[in-house]
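In case you want the letters, here they are:
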Amino acid sequence: MTDTDHGAGYPAAYVDGILGSVKTIAMVGASADETKPSHQVLQSLTEAGYDMIPVNPRPDLTEIYGLKVYPSLKSIDRPVDMVEVFRPSAELAGIASEAVEIGAGVLWAQLGIRDDEAAHIAETGGLKVVMDRCPRIELARSSREPGPERETRQTDDAGSGFFHAASGFT
């Protein structure tokens, strides 16, 4: 996969189906820094109606965007539909294993994040997999109507302010 192939191979119906069916998303690598892409995506997905769960192991970080921060996927006290990852590709296999352990339904790796071993772990564990894509951008691209659980879902333009084709971020 090249830098310009972001998420190639995932049909729009597959991606839209995931975004239309998940409600609770754990974001591994969530940041309290408002200038970071993970914070911006967390905010956008929260505003779009998803129940976001920030995951960050820093002991001094207890809240991001008004949401309780969990130190790990295993410490989350409720079911998780999707695990979204803002961590380096080298960490993805371990995160995929944890996602399987907690019974998540989807492993989603952000732009620039991809690992075939992690995909195999997740798929073998029964999870759907999307890598090298941004759900915020996909929501903006989607023409699908919001599900009944998220009656007021809103999207903004396709990732303005943080997507950069060469690196995935600005």
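Residues numbered from 1 in each chain as written. Predicted model: local features only at pLDDT ≥ 70, side-chain atom pairs only at ≥ 80, totals over all residues. Heavy atoms only, no water.

1. Structural notes on the environment of Ala 104
One can find Ala 104 in the loop between helix H3 (92–101) and strand E6 (106–109). Distance in space between the C-alpha atoms of Ala 104 and Val 83 is 6.8 Å, their sequence separation being 21 residues. Setting aside its immediate chain neighbours within four residues, Ala 104 contacts Val 80, Asp 81, Val 83, Ala 99 and Leu 127. (Helix = DSSP H or I, 4+ residues; strand = E, 2+ residues; numbered from the N terminus. Contact = heavy atoms within 4.5 Å.)

2. Some points on the environment of Ala 119
Relative to the elements of secondary structure, Ala 119 occurs in helix H4 (residues 116–124). Between the C-alpha atoms of Ala 119 and Ala 109, which are 10 residues apart in sequence, the distance is 9.7 Å. If we ignore the near neighbours within four places in the chain, the residues touching Ala 119 are Val 129 and Met 131.

3. Observations regarding the sheet that holds strand E7 (residues 128–130)
A sheet is described by the order of its strands in space; here five strands give the open sequence E2-E1-E5-E6-E7, paired in parallel fashion. The outermost strands of the open sheet, each flanked by one partner alone, are strand E2 (51–55) and E7. The mean angle between the axes of side-by-side strands here comes to 20°, regardless of whether they run parallel or antiparallel. Of the strand pairs in this sheet, E6 and E7 are connected by three bridges, and their pairing is parallel. Paired with Trp 108 across the two strands is Val 130, which belongs to E7. Each of strand E5 (82–85), E6 and E7 touches helix H1 (residues 12–21); the most contacted strand, E7, lies at about 110° to it. (Pairing = 2+ DSSP bridges. Axes fitted to C-alpha atoms, helices over the stretch in contact; angles between N-to-C directions.)

4. Some points on the packing of aromatic side chains
The full count for this structure, using the stated rule, is one aromatic pair. Ring centres 6.1 Å apart and planes at 10° place the aromatic pair Tyr 10 and Tyr 14 in the stacked group. With relative accessibility at 27%, the residue Tyr 14 sits in the partly exposed group. (Phe/Tyr/Trp six-rings, centres within 6.5 Å; stacked < 30°, edge-to-face > 60°. Buried < 20%, exposed > 50% of the residue type's maximum accessible area, 1.4 Å probe, protein only.)

5. Here we look at the packing of H3 against H4
Running from amino to carboxyl end, H3 crosses H4 at an angle of 10°, the nearest separation of the two axes being 8 Å. Between H3 and H4, the crossing angle belongs to the class labelled roughly parallel. Where H3 abuts H4, its residues Leu 92, Ala 93, Ala 96, Ser 97 and Val 100 lie against Glu 117, Ala 118, Ile 121 and Ala 122. Broken down by class, the residue content of the contact of H3 with H4 amounts to seven nonpolar, one polar and one charged. (Parallel < 35°, antiparallel > 145°, perpendicular 65-115°, else oblique. Nonpolar A, V, L, I, M, F, W, Y, C, P; charged D, E, K, R; others polar.)

6. As for H1
Among the residues of H1, those classed as buried are Val 15, Asp 16, Ile 18 and Leu 19. One face of H1 carries all of its buried residues, which in axial projection span an arc of 155°. Structurally, H1 contributes buried residues whose contacts are with E5, E6, E7 and helix H5 (135–141). (Arc of directions from axis to C-beta.)

7. A word on the pairing of E5
Covered by surrounding structure in E5 are Met 82 and Glu 84 together with Val 83 and Val 85, the residues of both alternating faces. Examined bridge by bridge, strand E1 (residues 24–28) and E5 share four bridges and lie parallel to one another. Following the sheet pairing, Ile 25 is matched in E5 by Met 82. The pairing of E5 with E6 spans four bridges and is classified as parallel. Looking at the pairing, Val 85 lines up with Ala 109 of E6. With H3 bridging E5 and its parallel neighbour E6, the resulting β-α-β unit is right-handed. (Right-handed = clockwise from strand over helix to strand, strands pointing away.)

8. Quick look at the nonpolar core
One finds Tyr 50, Val 83, Leu 107 and Met 131 to be the most contacted residues of the largest nonpolar core, which totals 52 residues. The element contributing the most residues to this core is H3, with five residues. (Core = buried A, V, L, I, M, F, W, Y, C linked by side-chain atoms within 4.5 Å.)

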